[in-house]
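For reference, the chains in residue letters:
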Amino acid sequence: MDRMQTQIGNRHASTPFQSQVGAASSARKRYRGGEAQRRPNSQASHETGAKSRQQHAAERAYSPSATSWEAKTGRLSDGVGSSRRTPAVGREVFDSPTPESEPASSCASPQDPVEDMDSLEPWIQKQLVALRAEHGGGTTRWPKYLGSILVPVRATATLEPMAVTSGAELVLKVSPIMSNGTGSLGRHNRNRQRQRLRFAVRVCTAEHGREFGRLEPLEALDLPTCLGALQSANLIIARARAVDCPLHIRFACVFIAEVAIFAAKSMFSFAAPGERSGRRPAGFDADQEDALTHWIAQLFHSLTGSGTDTNETTALSSDTITHTKARIEAPGERGSASVTKCLRTEAFRPEDAVQWILAAAENVHVDAPPVPVPPLLASTLRPYQQSALNWMVARERAPSHTPSSDDTQQTWREQRLPDGTRYFQHRVSGRVSLQPPMTSPAVAGGILADEMGLGKTVEAISLMLANPRPPQEQTRLDRQAALFTKHPERVTTESHRENESDTKAGGRRAANAAAAAQTRRSLVDSCCGGTLIVCPMSILSQWCAELNTHVADDADFIVHIYYANDRETDPLVLARFQVVITTYGTLYSTWKSTQQTESAEARGLYALRWHRLILDEAHVIKNPSSGCSRAVLDLRSRYRWALTGTPLQNNLEDIYPLLRFLAVEPWSDASLWKRYIARPFESGQAAKMQAALSLLSSILQPLMLRRTKRTLDEHTGAPILELPAKQTEVVYVDLSAAERQLYDAVYKASRARFSTFLADNQITFYLTTVFEMLMRIRQLCDHPLLIMSCPARDLHILQDVQKFMQRLTEGRGSDQATTYLETLAGQLQQSLHDERSIESSTNTKPLCPICLESIDDAVALRNCAHVFCRDCILTLLLSNRHGNAQCPVCRKGCSFADVMSTPRRSRFRVDLERGFFLSTKLARLVNDLVEAVQAFERDPVRHGKCVVFSQWTGMLDLIERALQAWNHEHARTLFQVGRLDGTLSQSRRTAVLEAFATMNPSTSAATATGRMNVLLASLRAGGVGLNLTAASSVFLVDPWWNPYVEEQAMDRVHRMGQTRTVQIRRYIVRDSVEERMLLLQDKKRSMVEDALGSSGTENQSSRLADLLLLFSLDAGGATGSRSKRL
Amino acid sequence: MFEARFPEALLLKKILEAIKDLVQDANFECTESGITLQAMDNAHVSLVTLLLRGEGFDLYRVDKPESLGINLNSMSKIMRCAANNDTVTVDKLEGADTVRFLFESPNADRMSEFHLKLMDIDSETLEIPESMYHAEIELPSAELRRIVSDLSTMGDSVRISVSKEGVRFTVRGDEGSGSVILRQSTGVDKPEEAIHIVMNEPVEQSFALKYLNLFCKAAPLSARAQIKLSKDAPLLVNFSMNNIGYLAYYLAPKIGDEDIEE
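Under the annotation held in an unreviewed UniProt entry, chain B carries the name DNA sliding clamp PCNA and is attributed to Cyanidioschyzon merolae. Taken verbatim from the UniProt record of chain B, the Subcellular location (unreviewed entry) comment is "Nucleus". Note on chain B: under the UniProt heading Function (unreviewed entry), the record states "This protein is an auxiliary protein of DNA polymerase delta and is involved in the control of eukaryotic DNA replication by increasing the polymerase's processivity during elongation of the leading strand."

The name an unreviewed UniProt entry assigns to chain A is Probable DNA repair protein RAD5, from the organism Cyanidioschyzon merolae.

Here is the structure:
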């Protein structure tokens, strides 16, 4: 009976399809696996036919339903090579409709020698034979039959009756469609052509080759373009025959053709699976490759109904989630946090997503086998650090790190061709492959996302010591390297010298050298480096210091800093170091140079395979298209770790580059990430967003370890980190009458201006001006001199200020305030006068040799020390494109690197020596500092040093000046001041930090720097990543918009290692914009985004509301007529 | 059986526009190498030749050389039914007395076909001798069109003289006279605007502006135009369409136009 059905099926050449075409508007011949499952008895109705039933069989066995996975994966892992499939079995699949017999045949050897030619329709067999004879000389099994699609054809000509009948073979011709309607030929824009290249597939009669129709696009697929693109890339061959054809084909009538598609072997090797950035086949660029992959996916989709998961989004994501979850909940892994529960119970707001994910990822308890503390570790680990170590070692040693078929199943779907050949299709990109795809081994490593101050560095160091490079690798390296000389340079120089004396042996030596180079290369390939740490430049020295502190002295533990010019480039030498530290910048430049050269020396870090790769502050790579982010991908290493306190900063996208770096399959695939996480999250639909969120959190769950300072210990219930108390005090400062007068005047003028902008509805247009005004007001709160520190080209502003102050003092009695203002105005007048007189007199100040005017913002050239305006020399250098610019004075070569700033006298227009005075805030600060420093001098155990943060380096200058003045006045050097701002070079920065960290008692005759007790740091430069635990008093001179920035700064002091009570003072001028900034900070603390940091997502209305608040205008009081005292 | 497909109707439209005012009926000679057309105007003063190479088409197929006698006005009416970016397929079956035009829009959502009756047109094909011209000028076609249309407002005939100083187009009419001089220029920035003048011998001839005006309707076909002059030989104005072919016009010089010669 089965055979009868087969015959019936084979004979159905045209008739059954008529009904199909009529019923379904898409005339695809598709046989979904799903349909078969819905009809398990599979008493296939006539219309399904034999061929489809055979597809059923294959698809049912390999359809990615969760139940069939289990059985299959077991088989895949134990017997991939065994060939269980025999010809007889193959027939059985084809013949037997009973589902029971299918599993026996479902596993085939990858070679798959059996071909079911008989199962194909005769005309397809005929085509196959012809094609193989044509392409492979009849010896290969390629091309292979992929399947058939029924396509409507529209006639473009009228033929004689009976010229083409059903079953007649048709010839297909592919021609590109010009879609650039610009007119005359030969003027095509290549790019546009590529983007919009479309094809028409014409249908010709087999006898005369007369064109009489073209394939119509299907509703879901531009089939002609698909076929055209693939066929012109030689990936497929299409053959067709008329199926449902009227007797008389007239112009514009539609008939059906069956297009049989044959795949060339190149299609399956088109994009080799498992390659991430990989080589692409010659002759295709990235765009073409993308387009072709897309068309392959589309083609398979229409052939089998199961190309990529475009229609099965929900199915896959639930599959994947189940699987991801299953892995999390597997015994041995950490217990699952009740992620989904949180999601359902909490009211969900999209802007909380980042916080939510972080909170969900916070995990207290780590079920990992305890690891003994490595003997080389000099410091003791706190309990939570020990558990982090346990977890990290477990991640590195976990047996699940072998590639599992599970992972493969998530990304690749196994399918069968009609002739039984097994292939794999990528679920998202649609790439196909014959070989079982090699998923890159599951990630060995993870994200250590402990909050800052918990000691990620120590945890990482302990990991390095606890799971070092296997000793045999080290010894093998030593032994082999010993055969060679350690320094290849020496070899070459020696042989060179010998060559000179003995030219006869030259040839032999050259051969030896070549052989040596060859061996060297293989040696480099075989050996394994230690741990590579990549960190931002600013904390490079801190890493060295931490390694020094935490690793006991050991001769074998050598750290190399791969930075600047003295770095080691020989991979063999690099491999001998236990730890190599480099910066993101260096890594990127190395990466760029590796693109150009193949020599092992130039490849440096990239020549080696590393034991472990650690990215510190890994959020640096959060932009996936940035060079750094791509540079870290190409490093080879056994384990990969990302250390960051803020794995997500602004949005969920931030985590993707980390997943990509860790090669978390399948999520490191950008398209998959976008489809299942990014896009659903951006869709704005709560349900989709929640699904995306819970998916992301289940991905992160096993990968990420995050504890915060508030995390409670699982056993004791106490916070895991006990820090000394932190006392925050807001010091309110009342301006003196004179300052108040000045402040009020400037403030009112600014507010009036703001109101005009507001009335004109031009706030967004003048936003920069508004912020500039705000800055001036805020600077006034600090010190009036600050607003005079603007660059010389803004002299007119100063003139304005000066006039303004003069006007203010006119017509008043000589009270104290007026005197103050008069003094200020006088100073300003003087300075402006000086400026002008300097400009006018050529003797006092040198002229710029380029613009022949007095030098503005002077810079000098390193080689010849000639001085120019910065603008002038930069313009000169820019205009010279060949890099052979010369100094205009002495004709010495110069470049951008040679330009250096000349030391500035002072940024202030006012002579600081004569015109210096204390503002109220500064006076208060100095008083407090005196107290704090004296306390430190008295009792360095209970009181630490002082750190002063300001956002203006100008203010830091003034503070420094004030402290010096104090020293001078009291004739003793109480204050030893250090500076930390963006202008410091790496080495000076290190020196300052070291000096500040040393706790020399003040009585000792140490050097001045050793006694540094006050550190003046700019909020931006000193606020990140540093360890300033030598201090215990923090002075925040002015508030910053974003409370988190301030908190970051405080945490520099109030962090692990701090033993004293931390005293924090924030100086706020009463009744001023600063007070309102505090309000704003409170408001922001509840928001995630840094609204004034223009992250682009904030809405304008909230920003406007902020501005109104700062100018203390109500939303309704936009006219500014309120007389409320501010 | 003859089949040819133009990827864009615009090209065919432009070609027709450039010819149809000069000649009414013409034979399209279709051979394996391409389509040629040669025709003289009614007054037998000018001659137009068109060559469209077979390689320039999307599809070109000629089983047996055919001669399609077509009334260009009717064909131009049909071509007006095609959108500029439509694909045009022209075919004629063996022995048929009509030629078929098939227009397909790029999206294949609109298709139209037109049949045009063929005519028997007597015409002998002239051998045009390949000769060395005394002067050859290559200039932007828009420039040529402008000169010709400017000058034709003044008078009926233009005197073209090529000398060492350049090319001079002189016109003398009832209201007055005028002249345009072109000099050699390399077009440093825009090579497509260069003017190349090759002079073997000074030439001076006058031509009817009416015809030159008609020739210049071919300007949209090509960015560059070539003018070739010889003493006692017709003027050649050639518009070449990069890889497809060319459209060339020959014009007999005016004789006895002595008043200008002075």
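Visitor: How should the overall build of chain A be read in this particular structure?
Guide: Of the regular secondary structure elements, chain A holds 42 helices and 25 strands. Within chain A, contacts between residues at least 6 apart in sequence are counted, and of these 74% link residues at least 24 apart. As displayed, chain A has an accessible area near 50500 Å², and 53% of this comes from carbon and sulfur atoms.

Visitor: So what exactly am I meant to see when it comes to the interface of chain A and chain B here?
Guide: Interface size is commonly expressed as the accessible area that is lost once the parts come together. With 27 residues of chain A at the contact, the number on the chain B side is 26 residues. The contact between chain A and chain B buries some 2200 Å² in all, and 49% of this surface belongs to carbon and sulfur atoms. Inspection of the chain A/chain B interface yields three salt bridges. Across the contact surface, chain A and chain B share six residue pairs in polar contact (both at pLDDT 80 or more). For the side of chain A that touches chain B, the element with the highest residue contribution is strand 2 (residues 169-177) of chain A, accounting for four residues.

Visitor: For this particular structure, what's the right way to read the pattern of salt bridges?
Guide: Where charged atoms from two side chains of opposite charge come close, those side chains can pair. Residues and elements named next belong to chain B. In total, this model carries 34 salt bridges over all chains according to the counting rule given. Note that glutamate 165 and arginine 168 form a salt bridge whose closest N and O atoms lie 3.9 Å from each other. We classify arginine 168 as partly exposed; its relative accessible area is 28%. One salt-bridge network, in which partners are shared between bridges, spans Glu17, Lys20, Asp21 and Lys217.

Visitor: It is not clear to me how the confidence of the model for chain B should be interpreted in this structure. Could you clarify?
Guide: As a note on interpretation, predicted positions should not be read in detail where pLDDT is low. Per-residue confidence for chain B averages 87 on the pLDDT scale, and 97% of its residues sit at or above 70. In the predicted assembly, ipTM is 0.77 and pTM is 0.46.

Visitor: Teacher, can you tell me more about helix 29 (residues 686-703) of chain A here?
Guide: Each α-helix turn comprises 3.6 residues. Residues three or four places apart therefore point the same way. Between the first and last C-alpha of helix 29 of chain A there are 26 Å, a value that for 18 residues agrees with the 26 Å anticipated at 1.5 Å per step. Turning to helix 29 of chain A, its buried residues are Met689, Ala692, Leu693, Ser694, Leu695, Leu696, Ser697, Ser698, Ile699, Leu700, Gln701 and Leu703 of chain A.

Visitor: So what exactly am I meant to see when it comes to unusual backbone geometry here?
Guide: All names here are of chain A. A positive phi is found at alanine 252, a non-glycine position, where the angle reads about 70 degrees. Exposure remark for alanine 252: the relative accessible area of 30% places this residue in the partly exposed category. With a phi angle near 55 degrees, aspartate 1071 is a residue other than glycine that sits in the positive phi range. Within the secondary structure, aspartate 1071 is located in the loop between strand 25 (1062-1069) and helix 41 (1073-1085). The class of aspartate 1071 is partly exposed, set by a relative accessible area of 35%.

Visitor: Please explain the packing of aromatic side chains as it appears in this structure.
Guide: Geometrically, a pair of aromatic rings is defined through the distance of the ring centres and the angle of the planes. In total, this model carries 13 aromatic pairs over all chains according to the counting rule given. Here phenylalanine 1035 of chain A and tyrosine 1067 of chain A contribute two aromatic rings whose centre-to-centre distance is 6.3 Å and whose plane-to-plane angle is 20 degrees, an arrangement assigned as stacked. In this pair, phenylalanine 1035 of chain A is assigned in strand 24 (residues 1031-1036) and tyrosine 1067 of chain A in strand 25, connecting sequence segments 32 residues apart. Accessibility expressed as a relative area gives 0% for phenylalanine 1035 of chain A, which makes it buried. What makes tyrosine 1067 of chain A buried here is its relative accessible area of 1%. Here phenylalanine 2 of chain B and tyrosine 60 of chain B contribute two aromatic rings whose centre-to-centre distance is 6.1 Å and whose plane-to-plane angle is 80 degrees, an arrangement assigned as edge-to-face. Of this pair, phenylalanine 2 of chain B sits in strand 1 (residues 2-6) while tyrosine 60 of chain B sits in strand 5 (residues 59-62); the two residues are 58 residues apart in sequence, bridging distant segments of the chain.

Visitor: Teacher, can you tell me more about the environment of methionine 464 of chain A here?
Guide: Residues and elements named next belong to chain A. Relative to the helices and strands, methionine 464 resides in helix 18 (residues 456-466). The class of methionine 464 is buried, set by a relative accessible area of 4%. On a C-alpha basis, the gap between methionine 464 and threonine 531 in space is 7.3 Å, while along the polypeptide they are 67 residues apart. Not counting residues within four places of it along the chain, the set of residues in contact with methionine 464 comprises Thr531, Ile533, Trp543, Val579, Arg612 and Ile614.

Reading the values: rules and limits
Residues numbered from 1 in each chain as written. Chains lettered and ligands numbered in written order. Predicted model: local features only at pLDDT ≥ 70, side-chain atom pairs only at ≥ 80, totals over all residues. Heavy atoms only, no water. UniProt positions renumbered as here; feature names shortened; annotations may be inferred. Helix = DSSP H or I, 4+ residues; strand = E, 2+ residues; numbered from the N terminus. Contact = heavy atoms within 4.5 Å. Areas by Shrake-Rupley, 256 points an atom, 1.4 Å probe, with all protein chains shown as cover. Buried area = accessible area lost by both parts, 1.4 Å probe. Salt bridge = Lys/Arg side-chain N within 4 Å of Asp/Glu carboxyl O. Polar contact = N/O pair within 3.5 Å; in protein donor to acceptor, adjacent residues only side chain to side chain. Buried < 20%, exposed > 50% of the residue type's maximum accessible area, 1.4 Å probe, protein only. pLDDT = per-residue confidence, 0-100. Expected span 1.5 Å × (residues − 1). Phe/Tyr/Trp six-rings, centres within 6.5 Å; stacked < 30°, edge-to-face > 60°.

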